[in-house]
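Next come the chains, spelled out residue by residue.
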Amino acid sequence: MNKRTLGIISTLVGASLWGVSGTCVQYLLANYAISSLFIAMMRTVGAGLIFLVVLLARNRGAVAEMLGDRRALAKLVAFGVCGLYLSQATYIITIGYTNAGTATVLQSTSIVMIMLVTCLPAKRFPRPRELAGLVLAFVATVLIATQGNLGELRIPALGLVWGIISAFTAVGYSMIPRTLYPRWGSFAVVGLGMLAGGIAATAMWGLSFAFPCIDEAVSGGNAMGTALVPNLDATGAAVLAAVVVLGTFAAFFLFLNGIAMIGAVQGSQLGAIEPVSATVCSALVMGTAFSAADWIGLALMVGTIIIVASGCGSPDIQSANANSSEKER
């Protein structure tokens, strides 16, 4: 198997695992009294610790150097808290109100937001390809939210709100660390960022004991209610472990390894399999019923990701992505 083929497979498997992890989260929220904050904490802390072990084994110097650079450390903390932690927490909350497929599609609108953000510093209007992606993303969101009846919202209002918030946080996840990648590589940045996000997640989870209203505000969509310390049986514990190990650490590891071989732009295009994976897995495993409008919306969102990624953004981001991929090699 040549390097390019291996890179494509690694990228596809990594992105697919993100989608599968969404279904695992949906399973937990539907079958156990469990807090969304608890899942987010376990996901970021667990994956962050695994990343740290791997980093210390393969690149201890980069870890020490990054932690010793105050400006890099500040940006790393912002990435971990505002990007990795909040994007995962809001995604989990959205699943509670909707389902894994819908939550993933809503979060995927972040690619259009990123495109708009890159246009502002360059003081330019979106290109025709980017405008096409914007229109497709808007139509996809409207279809999923209204099921084609523009006078009626067909998903919970809070689900739509949290889904849009998750898309905004995904913008931070994508944009904040871009200047860190060329120097230290995406694996080290994501690994330490995940650990920083885990610390923030633990603090938020602990704060919820003193202020239960915090957990109530974000876990209202959980089918079985909420518990900051859930009572999980063997199946529940195994599913949660799969979210941490496969859906977070392995997904990031394989995806980053893949784009190091094939490049960031094609990696972003292949990442379009994530909402497909989440939707199909939710339908097959959880029996979630998706309408024709849902499937059309999904297809439009996949088209959006491919269109925007193939014409992607600003030269600054392309340069940062290229440097990141080279660093990882």
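All values reported here derive from a predicted model rather than from experimental measurement.

## A closer look at the overall build of the protein chain
Of regular secondary structure, the protein chain possesses 16 helices and 0 strands. Relative to the compact-globule value of 20 Å for 329 residues, the protein chain shows a C-alpha radius of gyration of 19 Å, a close match. In terms of principal-axis extent, the alpha carbons of the protein chain reach across some 45 × 45 × 40 Å. In the protein chain, buried positions account for 53% of the 329 residues. The contacts of the protein chain with a sequence gap of at least 6 include a subset with a gap of at least 24, amounting to 84%. Summing over all exposed atoms, the protein chain offers an accessible surface of approximately 13,900 Å²; the carbon and sulfur share of this is 69%.

## Some thoughts on the pattern of salt bridges
All told, the structure shown has 2 salt bridges when counted by the stated rule. In this structure, Glu65 engages Arg183 in a salt bridge whose closest nitrogen and oxygen atoms are separated by 2.9 Å. With Glu65 in helix H3 (residues 60–68) and Arg183 in helix H9 (residues 181–184), this pair connects stretches of sequence that are 118 residues apart. Judged by relative accessible area, which is 40%, Glu65 ranks as partly exposed. For Arg183, a relative accessible area of 41% translates into the label partly exposed. Here Arg183 and Asp69 are joined by a salt bridge, their closest N and O atoms 3.2 Å apart.

## Here's the deal with the confidence of the model for the protein chain
The predicted model of the protein chain averages 87 in pLDDT, with 93% of residues at 70 or higher. Summarising per-element confidence for the protein chain, the mean pLDDT is lowest in helix H16 (residues 315–328) (39) and highest in helix H2 (residues 36–58) (95). Across residues 313–329, where pLDDT falls below 50, the model places 33 contacts with residues more than four positions away in sequence or in other chains.

## Description of the packing of helix H1 (residues 3–31) against helix H12 (residues 234–262)
Each pair of packed helices can be described by the angle between their axes along with the distance between the axes. Between H1 and H12, the least distance of the axes is 7 Å, while the angle of their chain directions is 155 degrees. In terms of their interaxial angle, H1 and H12 are classed as roughly antiparallel. The way H1 lies across H12 gives a crossing that is left-handed. Residues of the contact of H1 with H12, tallied by class, amount to 22 nonpolar, 10 polar and 2 charged.

## What to know about the environment of Leu192
Take Leu192: it is sitting in helix H10 (residues 186–210). Spatially, the C-alpha atom of Leu192 lies 7.9 Å from that of Val63, the residues being 129 residues apart in sequence. If sequence neighbours within four positions are ignored, Leu192 has contacts with Leu52, Leu55, Val63, Met66, Leu67 and Leu76.

## Section: the packing of H3 against H10
Following both chains from N to C, one finds H3 and H10 inclined at 60 degrees, their axes separated by 11 Å at the closest point. On the basis of the axis angle, H3 is oblique to H10. Where H3 crosses over H10, the two elements pack in a sense that is right-handed. Across from Val63, Met66 and Leu67 in H3, the residues of H10 making contact are Ala188, Val189 and Leu192. Of the residues belonging to the contact of H3 with H10, the class tally is 6 nonpolar, no polar and no charged.

## Things to note about the nonpolar core
Ranked by internal contacts, the top residues of the largest apolar core, which has 29 residues, are Phe51, Met66, Trp184, Val189, Val190 and Phe252. Mapped onto this core, the elements with two or more residues apiece are H1, H2, H3, helix H4 (70–97), H9, H10 and H12. With 7 residues, the top contributor of residues to this core is H12. Aside from chain neighbours lying at most four places away, what touches Phe51 is Phe187, Val190, Gly191, Met194, Phe249 and Phe252. In this structure, Val25, Met41, Tyr91 and Ala103 belong to the second largest nonpolar core, which totals 28 residues.

## Considering a nonpolar patch on the surface
A cluster of nonpolar side chains, Val280, Leu284, Val285 and Trp295, forms an exposed patch at the surface whose accessible area comes to about 400 Å². For the nonpolar patch, the leading source of residues is helix H14 (residues 273–285), giving 3 residues. Within the secondary structure, Trp295 is located in helix H15 (residues 292–310). Assessed through its relative accessible area of 36%, Trp295 is described here as partly exposed.

## Let's talk about the state of the cysteines
All chains considered together, the criterion is met by 0 disulfides. No disulfide involves Cys24; its sulfur sits 6.7 Å from that of Cys281, the nearest cysteine. Looking at Cys281, the relative accessible area reads 16%, which means it is buried.

Rules of the game
- Residues numbered from 1 in each chain as written.
- Predicted model: local features only at pLDDT ≥ 70, side-chain atom pairs only at ≥ 80, totals over all residues.
- Heavy atoms only, no water.
- Helix = DSSP H or I, 4+ residues; strand = E, 2+ residues; numbered from the N terminus.
- Rg over C-alpha atoms; globule rule 2.2 N^0.38 Å.
- Buried < 20%, exposed > 50% of the residue type's maximum accessible area, 1.4 Å probe, protein only.
- Contact = heavy atoms within 4.5 Å.
- Areas by Shrake-Rupley, 256 points an atom, 1.4 Å probe, with all protein chains shown as cover.
- Salt bridge = Lys/Arg side-chain N within 4 Å of Asp/Glu carboxyl O.
- pLDDT = per-residue confidence, 0-100.
- Axes fitted to C-alpha atoms, helices over the stretch in contact; angles between N-to-C directions.
- Parallel < 35°, antiparallel > 145°, perpendicular 65-115°, else oblique.
- Left-handed = near helix turned anticlockwise from the far one by under 90°.
- Nonpolar A, V, L, I, M, F, W, Y, C, P; charged D, E, K, R; others polar.
- Core = buried A, V, L, I, M, F, W, Y, C linked by side-chain atoms within 4.5 Å.
- Patch = residues over 30% accessible without salt bridge, like charges linked within 9 Å, V, L, I, M, F, W, Y side chains within 5 Å.
- Disulfide = S-S within 2.5 Å.

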